[in-house]
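# Per-entry structural report
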Amino acid sequence: MGTSSMAFQLGASSSLSFSSCSIPKWTHDVFLSFRGEDVRQNFISHLYHALHQRGINTYIDNNLKRGEEISPELFKAIEGSMISIIVLSKNYSDSRWCLDELLKILECKATVKQIHVLPLFYDVPPSDVRHQKGNFGEAFARVEHKFKADKVKLTKWKEALEKVANLSGFELGDRNESDFIRDIITWVESIMKNHLSLNVAKYPIGIESRVQDIYQRLSMERNDIICMVGIFGTGGIGKTTISKDIYNRISNRFERSCFLKNIRETSKQKKGLIRLQNKLLKDILGGKLDVCDFDEGVNVISHRLHSKRVLLILDDVDELKQLETLAGDPKWFGLGSRIIVTTRDQHLLNISKVDSKYELKILADNEARKLLSLHAFEKDKPLDSYAKVFEQVMQYAQGLPLALTVLGSTLKDQTIGQWESALDKYKQIPNKDIQSVLEVSYDGLEEHEKDMFLDIACFFKGEPSADVYKIFESCHFHPNCGIQKLIDKCLITVIDKIWMHDLLQDMGREIVRKESPKEPGARSRLWFYEDIRYVLEENTGTNNVEGIKVDLPDGHVHDTIRLSPNSFKEMKRLRIFISHNARFSGEFNYLSNELRVLNWSNCHLQDFPSNFRGEKLAVFKMQAGCINKIIGGCQFKNLTIMRFYMCKFLTRIPDLSSCSNLEKLYIESCENVVEIHDSVGLLDKLVGLVLDYCPKLKSFPRRLKLRSLEDLNLMRCSKLQNFPQIECKMERLLSIDLMGTPIKEWPSSSIGYLTPLLNSLSLKRCVHQLQNQNEPCLSDYSIILRHHPWVSNIDGCFDGIKGLYLYGSVKDLVHLLNKIPHLQHLKSLSLTGDPNLAIDEIHSFIGYLTGLQCLHLATYSDEYPMLDTWFYASFSNDCSSTLQELDLCQSGIVRLPPSTKSFVELRVLRMMDCDNLQEILHLPPNIECLLADGCCSLERCPEVSTKFQFYTSCGLQKLSHIGLSICPKLDENIGSQAPNPSFVEEHIQNHSCDIIFPGNKIPDWFSHTKETSNSHSCELDISGPLYLDKIIGIVFCAVFGEVPYGSGAEADIYVSINGSRLVETYLSISKYYDDKDCEHVYLNYTFKESIEEWLQYPTGDNLRFTFEGDDEPNFKSCGVHIIYKHEENESLTVGECSVDSLNGILLSKRRRDDEDINLEFNKHPQHKRRSQNLGNSNVVIDCTCVDSDFAEAEGGSEGSLKEEDVPASRFASQESQGNS
């Protein structure tokens, strides 16, 4: 066995040990082993009666006539019992039957690690048992004499007696038998209580993969460490459910275990934390210790548990003090212990320094769909008649397990109308069971944190985070700390924009609604259109109102809110006013000076009330409407963002020198603005200055001293002729866009202030002279200087450019650029849009670009083939040794010439939408990605077809992705043959590839297939034995369906194994393609290196493959084929299939009828690749799929567990010797 396969085998066995940690299915609580003639009629009858009275299911062998051998039924009874009680009486050892029972009990204890053994020393001291002395020894001597010929058996019995004597147990001694039995019952009940399975979930959908992920973080194979793992996530996400499932699976592998639930709630009660400490001590040690205060509890826990190997789960922790009191230091517990903490607050896990954190996310769409359907219909899929309303509930719940469970249970057996009615109600007033759980996270926030959460829920969800931070800073909410607190508590996420789950948003809005259920004007925030209309028209607003956001609902286009002079008069604390598309009429004479946000589209006012000074405004945005001047006085000292869009009555931007904190000034499509005050050019904190399409603008600041500026945009200001003088180093300036602005001259002194950070300079249709020189004018061009991976550097003019994009009439520009020095450093060049550009002109320009790595040539014209064989052959002499990426999209190329093979460094070749391309006969030897989607004339691509036969080598070893969607004339049998096992093993061990092409069926050689009906996901299960260590390749296939004409589709295709997402491919199907019956096949061949990573966490003998997409495409079918290592004269059986691995021939009957092996080809997607390379392969085995829906994990195989079940120390003192 090679090194790699050995490593894989170890990984598989490690993960499989988890699947064997399923919840034990005991047939009995207690098994009694005893010598009948000693104790049956007295002690055992009393003990059995006491156990039975306590409801303890006890196995007792009433067979008075025993044979020489123990029956298989008795062995099964021992294996199926949680506890074995061994009554060691004086004649116990003269019975072979009893001694064999003892061997079986100790064997189960050592291997299964689930059986608790309690020795009872009934009228014999432990030392007599250990050394076979006294009456006990005399009895054993009789057995020795009888079996003196079987030395092996005698040795085993002696060792067993020594082992059982060394276990902690109970000795009768001089005690009363009734007291003796009472102690036994107490011990048994404590063991049973510690091993009772916790209720997890009626339908544990989505649990398995998440439990596996957490299990890996527990490092259960290590007994020399103490590991602490934190599970965090929002309320209702399933933290408690997951932790219960883990507890059930692994608690039997520890000496003692304790699940402390509802810590947040309990700790808030009187002496709640002390009660939790006492429960912890009782569960681990047994008995009642009754600590009286925190400190005493900490001391007792750390002192008494430091040698105990325990499993401790602390559920729903929300304060650091709780952790410090219950598990303040991992060293409080013995080596091998595991502590799991669940919380809504990630920050608690950070400061408590857990070893690993795991964030629970919402369910995947297919998981959520199944969970809701099971609760609502007790079926895996919804009823067809409920499909529409079912999707609405899915959208409302958004994958939150709590919501799916509550809504599904609530709507069960309800009519469609009742579903719709309930959903409408919940959108206004959330379900109380969901609300109460989610609201817990809000209750734990500080005052300003609550304000920020409610503002986000009511106004700012989906808004840019930087803008929201500025607003909260202006409100003195301290967002740098508070926003992080909201993130830590899983209430929001921040990635450029601020987001929250819809149900969390509903929770926040419900909190506001309950401030004043009957009178909206007394609430702190208003967002519901009818409430706002009522409050403003009826003048019912109060001092409580802090924010208003008006969104015009569908169907209210002509509605108008009629304002009166006093509409806002009582809203003295109004901080936020946002109006999107609503219509107002009437005047008002008061507006609060507490406003931080004034964002009003279609404002009907020409000016604002005289009382309004805007001193606290942070964001001021106006769109369309009648505003004709900025607020008089302009004392916007806190303003950071000012934007005016399509304000046709605005004519000038006044003096803004008081706006010392202004960072963004956007004046866009304001067609009558003629003047920008000079003060704008001196705003030291200004980051963005955008004046886009202000066609009458003539007066612009003559001097720019904007040290913080990053973006300067003067696009389409068609009357602006003078570019300002730059008077300081603009070290942050990234882009200048002067497209369509008739600048007559660029001051030469300004060039010197441009810095290397500048990566975009757009001069399209911008007429000017460069550095006052007399070279040809740069007219009608767009010049964009790009980093790519490299940094642009402007020195004088264009010295050092490494990325250049030229669009438009490029011919004269090519001559100009030939005169510019240092363009030999150019790495990336794009020439786009000039169908009349002569080949020799391109060639003369490109000829000296000896370091060119990326070239884009596109004409957007079919009339003139810009690239032909002659040019390609000539061009290959210049860049064939350096070019890595070539883009010929939408060009007139007909075929690739033989000289293509000379491009030895070319990795990416794009030829999408080349309508004249007929064949691809020659490809560069090291090509990795070929994209020829949308080539409607393409008929032949033989090298690709050979590549996917895997019978003979095509030489394109590195080719890993091919896009041939929307190529209706393509006539190639791609993927028509199963990979040859010997060839794969010998030639393709470390390579993977995928392809999308027109077609409507999965190749016939696929052994596992599943049909679906236009679903966004497709699941397929393969049951074993799987022979994981022999898998060296997996082939995936999916057929996805047509796209309605004109709609188009852009989607990610994902493939997951056992819940871990492993393949991601981006697909785009053109909306302009007019064949609505467009179907495509996606094939992915994945080989050894990636397979080893993928199969780290198999679930027993089952692999679940999940194909998922976004809204498009719709899957028609999916398939999986497993490739096994080739080993001569060996046959494997997987599921219902067997394969002769010498010949790779399928021996079992196929599950599908043979069909035409040729795939039917159909139409088209543009394809972008955003995936990971896969890895390696060898022998193919065909198997029959065993489809099954995901269900609760059943008891796994009886694995070999290495942790010892250490006896509790409170028993009668015995010599406790550890068994490793």
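Just so it is clear, the structure is predicted and the values come from calculations on it, not from any experiment. (Residues numbered from 1 in each chain as written. Predicted model: local features only at pLDDT ≥ 70, side-chain atom pairs only at ≥ 80, totals over all residues. Heavy atoms only, no water.)

The subject of this paragraph is the overall build of the protein. Secondary structure summary: the protein contains 32 helices and 51 strands in total. For the protein, the residues scored as buried account for 57% of the 1220 residues in total. Restricting the contact set of the protein to residue pairs at least 6 apart, pairs at least 24 apart contribute 68%. Per element, the accessible surface of the protein, about 50,400 Å² overall, is 47% carbon and sulfur. (Helix = DSSP H or I, 4+ residues; strand = E, 2+ residues; numbered from the N terminus. Buried < 20%, exposed > 50% of the residue type's maximum accessible area, 1.4 Å probe, protein only. Contact = heavy atoms within 4.5 Å. Areas by Shrake-Rupley, 256 points an atom, 1.4 Å probe, with all protein chains shown as cover.)

Let's shift gears to helix 23 (residues 479-488). Within the span of helix 23, buried status applies to P479, G482, I483, L486 and D488. In this fold, the buried residues of helix 23 make contact with helix 15 (346-351), helix 21 (447-460), helix 22 (465-474), strand 11 (493-495) and strand 12 (497-499). In the stretch just after helix 23, C490 is the one whose phi turns positive, near 60°.

Our focus in this paragraph is the pairing of strand 41 (residues 1031-1040). Burial analysis of strand 41 places 10 of its 10 residues in the buried class, which makes it a mostly covered element. By the bridge criterion, 9 bridges tie strand 41 to strand 46 (residues 1115-1124) in an arrangement that is antiparallel. In the sheet register, F1036 faces strand 46, and the bridge partner there is V1120. In this structure, strand 41 lies alongside strand 44 (residues 1080-1087), joined through 8 bridges in antiparallel fashion. Within the sheet, the bridge partner assigned to G1033 lies in strand 44 and is F1087. (Pairing = 2+ DSSP bridges.)

Before going further, it helps to examine the pattern of salt bridges. Summed over the entire model, instances satisfying the criterion amount to 55 salt bridges. Across the pair K461 and D502 runs a salt bridge, and its minimum N-O distance is 2.2 Å. Taken together, the positions of K461 in the loop between helix 21 and helix 22 and D502 in helix 24 (residues 502-513) put the pair 41 residues apart, joining distant regions of the chain. Classification of D502 by relative accessible area gives partly exposed; the value is 22%. Taking the shortest distance from any N to any O, the salt bridge between R910 and E885 comes out at 2.3 Å. Remark: E885 occurs in strand 34 (residues 885-887) and R910 occurs in strand 35 (residues 908-910); sequence separation between them is 25 residues. For E885, a relative accessible area of 25% puts it in the partly exposed group. What you see here is one network of salt bridges that share partners, running through D451, D455, R525, E546, R573 and R575. (Salt bridge = Lys/Arg side-chain N within 4 Å of Asp/Glu carboxyl O.)

Moving on to unusual backbone geometry. The backbone of K271 sits at a positive phi, close to 55°, despite the residue not being glycine. Mapped onto the fold, K271 is located in the loop between helix 11 (263-267) and helix 12 (272-285). A residue is classified by how much of its surface remains accessible, and K271, at 55% relative accessible area, is exposed.

Strand order in the open sheet formed by 11 strands is 13-14-16-18-19-20-22-24-26-28-29, with parallel pairing between adjacent strands. Either end of the sheet is taken by a strand with one partner, and the two such strands are strand 13 (525-526) and strand 29 (760-762). With 2 bridges joining them, strand 13 and strand 14 (residues 547-551) adopt parallel strand pairing. Residue R525 lies in a different strand from strand 14, and its bridge partner there is G547.

Below, the discussion takes up the packing of aromatic side chains. For any pair of aromatic rings, the description rests on two quantities: the centre-to-centre distance and the angle between the ring planes. This model, assessed by the stated rule, comprises 27 aromatic pairs. Residues F377 and Y386 carry aromatic rings whose centres are separated by 5.2 Å and whose planes lie at 70° to one another, so their mutual orientation is edge-to-face. When its relative accessible area of 15% is taken as the criterion, F377 is described as buried. By way of ring pairs, the aromatic residues F568, F577, F584, F588 and W600 are connected into one cluster. Just above the ring of F75 sits the side chain of K104; from NZ or CZ to the centre is 5.1 Å. (Phe/Tyr/Trp six-rings, centres within 6.5 Å; stacked < 30°, edge-to-face > 60°. Lys NZ or Arg CZ within 6 Å of the ring centre and 35° of its normal.)

Inspection of the secondary structure puts T325 in helix 14 (residues 320-327). Among the polar contacts made by the side chain of T325, one reaches the main-chain carbonyl oxygen of K321 at a distance of 2.7 Å. Setting aside residues up to four positions removed in sequence, T325 forms contacts with L273, Q277, F294, V298, I301 and W332. (Polar contact = N/O pair within 3.5 Å; in protein donor to acceptor, adjacent residues only side chain to side chain.)

Another aspect to go through is the sheet that holds strand 10 (residues 356-359). Spatially, the 5 strands line up as an open sheet ordered 7-8-9-6-10, and their pairing is parallel. In this open sheet, the two strands that pair with only one neighbour each are strand 7 (256-260) and strand 10. With direction set aside, neighbouring strand axes in the sheet form an average angle of 15°. Here helix 12 sits on the sheet and contacts strand 7 and strand 8 (310-317); the angle it forms with strand 7, its principal contact strand, is near 155°. (Axes fitted to C-alpha atoms, helices over the stretch in contact; angles between N-to-C directions.)

For H448, the position within the fold is in helix 21. On the basis of relative accessibility, which here comes to 35%, the residue H448 falls in the partly exposed class. Ignoring any residue separated from it by four or fewer positions in sequence, one finds H448 in contact with H476, F477 and H478.

Residues with a pLDDT of 70 or more make up 74% of the protein, whose mean pLDDT is 79. Across the protein, strand 13 holds the top mean pLDDT of 98, while strand 51 (residues 1179-1180) sits lowest at 30. Confidence over residues 768-781 falls short of pLDDT 50; this stretch has 43 contacts with residues more than four positions distant or in other chains. (pLDDT = per-residue confidence, 0-100.)

Following both chains from N to C, one finds helix 22 and helix 23 inclined at 120°, their axes separated by 10 Å at the closest point. Compared by their axis directions, helix 22 and helix 23 come out oblique. Of the residues in helix 23, those in contact with Y469, F472 and E473 of helix 22 are P479, N480 and I483. When grouped by side-chain class, the residues that make up the contact of helix 22 with helix 23 number 4 nonpolar, 1 polar and 1 charged. (Parallel < 35°, antiparallel > 145°, perpendicular 65-115°, else oblique. Nonpolar A, V, L, I, M, F, W, Y, C, P; charged D, E, K, R; others polar.)

As a further point, take the state of the cysteines. For the structure on display, the rule yields 1 disulfide. With its sulfur 2.4 Å from that of its partner, C1018 forms a disulfide with C1118. Between C1018 and C1118, the disulfide has an S-S torsion of -60° and is therefore left-handed. Of the two residues, C1018 sits in strand 40 (residues 1017-1023) while C1118 sits in strand 46, which places them 100 residues apart along the sequence. The same class applies to C1018 as to C1118, namely buried. (Disulfide = S-S within 2.5 Å.)

Within the secondary structure, D887 sits in strand 34. In this structure the side chain of D887 is engaged in a polar contact, spanning 3.0 Å, whose partner is the backbone nitrogen of C889. Here D887 is in contact with L855, H856, L857 and R910, once residues within four sequence places are set aside.

What the second largest pocket holds in volume is close to 920 Å³. In terms of lining, the second largest pocket is formed by 31 residues, of which the most central are K427, Q428, R509, W527 and F528. Secondary structure elements with two or more residues in the lining of the second largest pocket: helix 17 (387-397), helix 19 (416-428), helix 21, helix 24, helix 25 (529-538) and strand 14. The element contributing the most residues to the lining of the second largest pocket is helix 24, with 6 residues. Grouping the constituent residues of the lining of the second largest pocket by class yields 14 nonpolar, 5 polar and 12 charged. (1 Å grid on protein atoms, 1.4 Å probe; cavity = no way out; pocket = protein on both sides within 12 Å on 5 of 7 lines; lining within 4 Å. Points joined across faces, edges and corners; volume = space filled by probe spheres on them.)

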